[in-house]
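This is what each chain is made of:
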Amino acid sequence: MTLAEIRALEEARYILKTGCTVRACAAVFGVGKSTVHSDVTKRLQRLDEDLYSDVAKILGNNLAERHIRGGESTRRRYRG
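This text gives an overview of the structure that appears in the document. (Residues numbered from 1 in each chain as written. Predicted model: local features only at pLDDT ≥ 70, side-chain atom pairs only at ≥ 80, totals over all residues. Heavy atoms only, no water.)

### So, helix H1 (residues 3-18)
Okay, so step 1: Here H1 is 16 residues long and its end C-alpha atoms lie 22 Å apart, about the 22 Å a rise of 1.5 Å per residue gives.
Okay, so step 2: Buried residues of H1: Ala4, Ala8, Leu9, Glu11, Ala12 and Ile15, and no others. One side of H1 holds all its buried residues, which, seen down the axis, span an arc of 165°. Facing away from the buried side of H1, by more than 90 degrees, are the exposed residues Leu3, Arg13 and Lys17. (Helix = DSSP H or I, 4+ residues; strand = E, 2+ residues; numbered from the N terminus. Expected span 1.5 Å × (residues − 1). Buried < 20%, exposed > 50% of the residue type's maximum accessible area, 1.4 Å probe, protein only. Arc of directions from axis to C-beta.)

### Looking at a nonpolar patch on the surface
Okay, so step 1: Among the surface-exposed residues, Met1, Leu3, Ile6 and Leu47 lie close enough to one another that they form a single nonpolar patch of about 420 Å² accessible area.
Okay, so step 2: Take Met1: it is sitting in the segment before H1. (Patch = residues over 30% accessible without salt bridge, like charges linked within 9 Å, V, L, I, M, F, W, Y side chains within 5 Å. Areas by Shrake-Rupley, 256 points an atom, 1.4 Å probe, with all protein chains shown as cover. Salt bridge = Lys/Arg side-chain N within 4 Å of Asp/Glu carboxyl O.)

### Topic: the pattern of salt bridges
Okay, so step 1: Under the definition given, this model contains 3 salt bridges.
Okay, so step 2: Of the charged contacts, one joins Arg43 and Asp39 as a salt bridge, the two residues approaching to 2.3 Å between their closest N and O atoms. With Arg43 and Asp39 both in helix H3 (residues 33-47), this residue pair falls 4 residues apart, about one helical turn.
Okay, so step 3: Judged by relative accessible area, which is 24%, Arg43 ranks as partly exposed.
Okay, so step 4: Here Asp39 falls in the buried class, since its relative accessible area comes to 0%.

### Brief notes about the side chain of Thr41
Okay, so step 1: Its location among the elements puts Thr41 in helix H3.
Okay, so step 2: Of note is the side chain of Thr41, whose polar atom sits 2.6 Å from the backbone oxygen of His37. (Polar contact = N/O pair within 3.5 Å; in protein donor to acceptor, adjacent residues only side chain to side chain.)

### Let's talk about the packing of helix H2 (residues 22-29) against H3
Describing two packed helices takes the angle between their axes plus the distance from one axis to the other.
Okay, so step 1: The contact between H2 and H3 brings their axes to 8 Å, and the two run at 105°. Relative to H3, the element H2 is oriented roughly perpendicular. Along its contact with H2, which presents Val22, Arg23, Cys25 and Ala26, the element H3 presents Lys33, Val36 and His37.
Okay, so step 2: For the contact of H2 with H3, a count of residues per class yields 4 nonpolar, 1 polar and 2 charged. (Axes fitted to C-alpha atoms, helices over the stretch in contact; angles between N-to-C directions. Parallel < 35°, antiparallel > 145°, perpendicular 65-115°, else oblique. Contact = heavy atoms within 4.5 Å. Nonpolar A, V, L, I, M, F, W, Y, C, P; charged D, E, K, R; others polar.)

### Overview of the side chain of Glu11
Okay, so step 1: Counting through the fold element by element, Glu11 comes out in helix H1.
Okay, so step 2: What makes Glu11 buried here is its relative accessible area of 0%.
Okay, so step 3: Excluding residues that lie within four positions of it along the chain, Glu11 makes contacts with Cys25, Phe29, Val31, Val36, Asp39 and Val40.

### Description of the nonpolar core
One broad trend across soluble globular proteins is that nonpolar side chains are buried collectively.
Okay, so step 1: With 15 residues, the main nonpolar core has Ile15, Val40, Leu44 and Val55 as its most contacted residues.
Okay, so step 2: Mapped by element, the contributors of at least two residues to this core are H1, H2, H3 and helix H4 (49-79).
Okay, so step 3: Looking at this core, the element that brings in the most residues is H4, giving 5 residues.
Okay, so step 4: Dropping the residues within four chain positions of it, Ile15 is found in contact with Cys20, Cys25, Val36, Val40, Val55, Ile58 and Leu59. (Core = buried A, V, L, I, M, F, W, Y, C linked by side-chain atoms within 4.5 Å.)

In short, the description is geometric, and any link to function would need to be established separately.
Written as structure tokens, this is what we have:
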């Protein structure tokens, strides 16, 4: 197993455990958002279909809630 495949599995387990966003996962693992996204979509699907399915649900939920998090951030910024 390559280092990239090991990293993809570790990132997927972390996302599953914490429910974090791709951006937060990238910060923890010290890689870019694109790398995490590629790992947990392309690589993970080849490595572990069940884990991929679970992580895809979390990422879908994060995508659906993105506009809410953005609104909260803006509110905090201008509230002072």
